[in-house]
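# Structure at a glance
The primary structure of each chain is shown beneath.
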Amino acid sequence: MADRIELTGLRVYARHGVLPHETERGQAFTLDIVCWLDFAPAAAGDDLNLTVNYAELAQLAYDIAAGTPRQLIETVATEIADAALARYSALHAVEVTLHKPHAPIPLVFDDVAVVARRSRTTRA
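The structure reproduced in this document is the subject of the present report. Residue numbers run consecutively from 1 along every chain, following the written order of its sequence. Owing to the predicted nature of the model, reporting of local features is limited to residues with pLDDT of at least 70; listing and counting of side-chain atom pairs is limited to 80 or more, with chain, interface and lining totals taken over all residues. In computing side-chain properties, one takes all heavy atoms of the structure into account and sets aside hydrogens as well as water.

### Things to note about the sheet that holds strand β4 (residues 113–119)
What counts here: For two strands to be treated as a pair, DSSP must find no fewer than two bridges joining them. Each helix corresponds to a stretch of at least 4 residues labelled H or I by DSSP, and each strand to a stretch of at least 2 residues labelled E; elements are numbered beginning at the N terminus. Geometry is summarised by axes, namely lines fitted to C-alpha atoms with helices restricted to the contacting stretch, and by angles between N-to-C directions that run from 0 to 180 degrees. Two residues form a contact once any of their heavy atoms are found within 4.5 Å.
The sheet built from 4 strands is open, its strands ordered β1-β2-β3-β4 with antiparallel pairing. Each having just a single partner strand, β1 (4–14) and β4 make up the two edges of the open sheet. With strand direction ignored, the average angle separating the axes of adjacent strands in the sheet is 15°. For strand β3 (residues 91–99) and β4, the ladder comprises 7 bridges, and the chain directions are antiparallel. Opposite H99, over in β4, you have A113 as the bridge partner. Running over the sheet, helix α3 (residues 54–66) touches β1 and β2 (27–37) and is turned about 35° from β1.

Here it is in structure tokens:
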């Protein structure tokens, strides 16, 4: 399973967090998604239906991330990964990285990110 689609830097403004100001004011988040699949069937027939439509994937991820506020960004990343596997039968595995660069940490840092990886073999 060497083929992959990478979507990086998808920006979304959302209200995820544990602290009241995070859910009241919200903040910017960034998503990266890596999809592992076999391109051979889609490439052989030049058929979009046999691969992952990355425009649809971006919208799916955006809608989930911008949707219901969650305390944990782990929950958001997991919801996106599970939804992608459910929608695209061609997917062998998906990895969703959710970046929270303005996390409430009273130290100098560049980024906080969580990574949810799901595959057909690990999906419940």
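### With respect to the packing of α3 against helix α4 (residues 73–87)
Applied cut-off: Two helices crossing with the near one rotated counterclockwise from the far one by less than a right angle form a left-handed crossing, whereas a clockwise rotation gives a right-handed crossing. Nonpolar residues are Ala, Val, Leu, Ile, Met, Phe, Trp, Tyr, Cys and Pro. Charged residues are Asp, Glu, Lys and Arg, and all others, Gly as well, are polar.
For the pair α3 and α4, the least separation of the axes is 9 Å and the interaxial angle reads 145°. Regarding α3 and α4, the two cross each other, and that crossing is right-handed. Here α3 contributes E56, L57, L60, A61, I64 and A65 to the contact with α4, which in turn contributes V76, E79, I80, A83, A84 and R87. Among the residues making up the contact of α3 with α4, the classes are represented as 9 nonpolar, no polar and 3 charged.

### Observations concerning α4
Rule in force here: The span one expects for a helix is its residue count, reduced by one, times 1.5 Å. A 1.4 Å probe rolled over the protein chains alone gives each residue an accessible area, and that area as a share of the maximum for its type sets the label: buried under 20%, exposed over 50%, partly exposed in between. Picture the helix axis, draw a direction to every C-beta atom, and the arc is the one those directions span.
For α4, which comprises 15 residues, the first-to-last C-alpha distance of 21 Å matches the rise-based estimate of 21 Å (1.5 Å per residue) to within 8%. Turning to α4, its buried residues are I73, V76, A77, I80, A81, A84 and L85. Down the axis of α4, the buried set is contained in an arc of 165°. They therefore lie on one face. For α4, the secondary structure elements touched by its buried residues are β2, α3, β3 and β4.

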